[in-house]
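This is what each chain is made of:
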Amino acid sequence: MYSKDYSSLYLMPASSENVEFHEAVTEFARASCAYWQATKVTIPKSVTILQHYCFAFSSLVTVEGLTSSVTQMTGVFLGTVLEGVRDGDKALYTVVSAEGKVKYMLSMILDKNMTEYTLMEGTVGIAGDAFNGCEKLVTAELGDELESIGGSAFSGCASLREITFPKTLKFIGDAAFYGCGSLQKVNGLSEVEDITRISENGTYEHTLPEQMFYDCSSLKEVGLPSGLKKIGDSAFAYCSSLSSLQIPDEVEEIGFGAFMGCGITSVRLPSQLRVLGSAVFADSKLESVDLNDCPNLTELSPRCFDSTHIASIVIPDRITSVPEMCFYGTEELTSVKMSCVESIGEKAFGYSKLLSSVELGNALRRIGIRAFTNCISLASINLPDSVTDIAN
């Protein structure tokens, strides 16, 4: 039984054998093949995620086509001969093969009260959700062979203080360290050659995963890989203790809310940047930004700098629009210069209560509704003759 578009396998009858999966399938749903009587399966190349317990208590002996780029959630092979390795009462591992050698995938942590843990030698992967809810875990040693960390793998590890990534790491799932409120330092990430984001929708090369460090409120130190091209949505959102971060020049896109609520006070935007997502710095402590650092950036997105602490801004000539709520609530903003802007969006500078100087150019055509609402320090503004539309 599949979803309507055949992307998700919902149920495999237990007695089925010699099955050929649909070419469009990308996901094996939770417990979809549980108690399956087949002894061998080949995972299609199109599959990107194996959900919780999808082959649990099946008769599987051999699995082919399972690579590090496939996200495994907890208990995928629970109760099978493949899930045959236990680390005492602490953890459960899956046996996998890599280059003809026996290796291991950490499937799930059994002891949720442990304070420290070291992966078994030969571990190349950590399943999604594996450490989820280990609230007392302070340290985790990842070894020197790890290639993949699944989505939400350490989510909710509220006591985790420091993590060191090995150079062998290639794949990381979304929200891997979501809500690790005590995490202060991340080591080794800048030395990883490259990162591929793995998600339910596929793999994305050169991409820091979405929500990777979301709400890691104690995080102070982290470096980024030099080959990175995209920072995923909400990757550092609400990292309130992160005051600075060097973004590699190779980064071309920063996703929605990537630094929302972050403690960063200043940032040098990467020279190759082309896309700055909506609300990317909203509610952060950002005090200054120079848009001239990124000559390929030709558009701003809504709420980019909403409720930041920026004191002044110059919009480069190549940017012709200030979208809605772009600088809304920037209460310390005093001056704006935008010589070539053609359109100012709704509430673009609303509630910028210290704004007293606005310099407009002859390119301006449209001013959106309440664009300068509650700018109580703005005594006057000179509108160019080019303005043809002022929203009511």
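Calculation criteria
- Residues numbered from 1 in each chain as written.
- Predicted model: local features only at pLDDT ≥ 70, side-chain atom pairs only at ≥ 80, totals over all residues.
- Heavy atoms only, no water.
- Helix = DSSP H or I, 4+ residues; strand = E, 2+ residues; numbered from the N terminus.
- Buried < 20%, exposed > 50% of the residue type's maximum accessible area, 1.4 Å probe, protein only.
- Contact = heavy atoms within 4.5 Å.
- Areas by Shrake-Rupley, 256 points an atom, 1.4 Å probe, with all protein chains shown as cover.
- Pairing = 2+ DSSP bridges.
- Phe/Tyr/Trp six-rings, centres within 6.5 Å; stacked < 30°, edge-to-face > 60°.
- Salt bridge = Lys/Arg side-chain N within 4 Å of Asp/Glu carboxyl O.
- Patch = residues over 30% accessible without salt bridge, like charges linked within 9 Å, V, L, I, M, F, W, Y side chains within 5 Å.
- Lys, Arg positive; Asp, Glu negative; His and termini not counted.
- Charge placed at Lys NZ, Arg CZ, Asp CG, Glu CD.
- Disulfide = S-S within 2.5 Å.
- Core = buried A, V, L, I, M, F, W, Y, C linked by side-chain atoms within 4.5 Å.

**Student:** What should I look at first to understand the overall build of the protein chain in this one?
**Tutor:** Helix and strand counts for the protein chain come out as zero helices and 31 strands. The 392 residues of the protein chain split such that 51% are buried. The contacts of the protein chain with a sequence gap of at least 6 include a subset with a gap of at least 24, amounting to 27%. Only carbon and sulfur atoms are counted for the fraction: they give 43% of the accessible area of the protein chain, which is about 17300 Å².

**Student:** Can you walk me through the sheet that holds strand β1 (residues 8-9) in this structure?
**Tutor:** Each strand in a sheet pairs with its neighbour through backbone hydrogen bonds, running either in the same direction (parallel) or in the opposite one (antiparallel). As summarised here, the arrangement of the four strands in space is β1-β2-β4-β6, forming an open sheet in which the pairing is parallel. Looking at strand neighbours, the two that pair on one side only are β1 and β6 (71-72), the edges of this open sheet. As paired elements, strand β4 (residues 49-50) and β6 share two bridges and run parallel to each other. Bridging from a neighbouring strand, Ile-49 pairs with Thr-71 of β6.

**Student:** Would you explain the packing of aromatic side chains in this entry?
**Tutor:** The description of an aromatic ring pair uses the distance of the two centres, along with the angle that the planes make with each other. The final tally for this structure, using the stated rule, is 23 aromatic pairs. Each ring, one from Phe-165 and one from Phe-177, has its centre 5.8 Å from the other, and the planes form 75°; the classification is edge-to-face. Here Phe-165, found in the loop between β14 (162-164) and β15 (171-173), pairs with Phe-177, found in the loop between β15 and β16 (185-187); they are 12 residues apart in sequence, far enough to count as distant. Seen from their ring centres, Phe-327 and Phe-349 are 5.3 Å apart, and the 0° between their planes marks the pair as stacked. Here Phe-349 lies in the loop between β28 (343-344) and β29 (357-360) and Phe-327 lies in the loop between β26 (321-322) and β27 (335-338), a separation of 22 residues in the sequence. A relative accessible area of 0% means that Phe-327 is categorised as buried. The class of Phe-349 is buried, set by a relative accessible area of 0%.

**Student:** Where do I start with the sheet that holds strand β21 (residues 253-254) in this structure?
**Tutor:** A sheet is described by the order of its strands in space; here four strands give the open sequence β19-β20-β21-β23, paired in parallel fashion. In this open sheet, the two strands that pair with only one neighbour each are β19 (207-208) and β23 (275-276). Sheet analysis places strand β20 (residues 230-231) next to β21, joined by two bridges and oriented parallel. Bridging across to β21, Lys-230 finds its partner in Glu-253.

**Student:** Would you take a moment to explain the pattern of salt bridges for this structure?
**Tutor:** Pairing between side chains becomes possible if they bear opposite charge and their charged atoms approach one another. Counted under the stated rule, the structure contains 11 salt bridges. Where Glu-210 meets Arg-197, a salt bridge forms, and the shortest distance between an N and an O atom there is 3.5 Å. You can see Glu-210 sitting in the loop between β19 and β20 and its partner Arg-197 sitting in strand β17 (residues 196-199), a full 13 residues away along the chain. Notably, a salt bridge pairs Glu-253 with Lys-230, separated by 3.6 Å at the nearest N-O pair. Remark: Lys-230 occurs in strand β20 and Glu-253 occurs in strand β21; sequence separation between them is 23 residues. According to the relative accessible area criterion, Glu-253 is partly exposed, its value standing at 27%.

**Student:** So what exactly am I meant to see when it comes to the pairing of β17 here?
**Tutor:** Consecutive side chains along a regular strand alternate between the two faces of the sheet. Alternating residues of β17 divide into Thr-196 and Ile-198 and Arg-197 and Ser-199, and every residue in both groups is buried. What sits between β17 and strand β18 (residues 202-205) in their antiparallel hairpin is a turn of two residues.

**Student:** Please clarify how a negative patch on the surface should be interpreted in this entry.
**Tutor:** There is a patch of like negative charges on the surface, built from Glu-116, Glu-141, Glu-162 and Glu-221. If you trace the backbone, Glu-141 turns up in strand β12 (residues 139-141).

**Student:** Help me understand unusual backbone geometry in this model?
**Tutor:** Among all residues save glycine, negative phi is the norm, and among peptide bonds the norm is trans. Residues other than glycine seldom take positive phi values, yet Asp-215 does so here, at roughly 60°. Relative to the elements of secondary structure, Asp-215 occurs in the loop between β19 and β20. Despite not being glycine, Asn-374 shows a phi value in the positive range, around 60°. Of note, Asn-374 is situated in the loop between β30 (366-367) and β31 (389-390).

**Student:** Just checking my understanding: could you explain the state of the cysteines for this structure?
**Tutor:** In a disulfide, the sulfur atoms of two cysteines are covalently bonded to one another. Scanning the entire structure with this criterion turns up zero disulfides. Note on Cys-180: no disulfide assigned, nearest cysteine sulfur contributed by Cys-216 at a separation of 5.0 Å. The closest cysteine sulfur to the non-disulfide-bonded Cys-375 is located on Cys-326, 13 Å from its own sulfur. Relative accessible area serves as the criterion here: at 8%, Cys-375 is assigned to the buried category.

**Student:** What should I look at first to understand the nonpolar core in this one?
**Tutor:** Most often, soluble globular proteins keep nonpolar side chains buried together rather than apart. Of all hydrophobic cores here, the largest spans 94 residues; its most connected members are Phe-154 and Phe-236. Contributions of two or more residues to this core are made by β8 (91-98), β9 (101-109), β27 and β29. The element best represented in this core is β9, accounting for three residues. The residues contacting Phe-154, other than those within four sequence positions of it, are Ile-126, Phe-131, Leu-137, Ala-140, Leu-142, Ile-149, Leu-160, Ala-176, Phe-177, Tyr-178 and Cys-180. Grouped together as the second largest cluster of nonpolar side chains are 18 residues, Met-12, Val-41, Val-76 and Phe-77 included.

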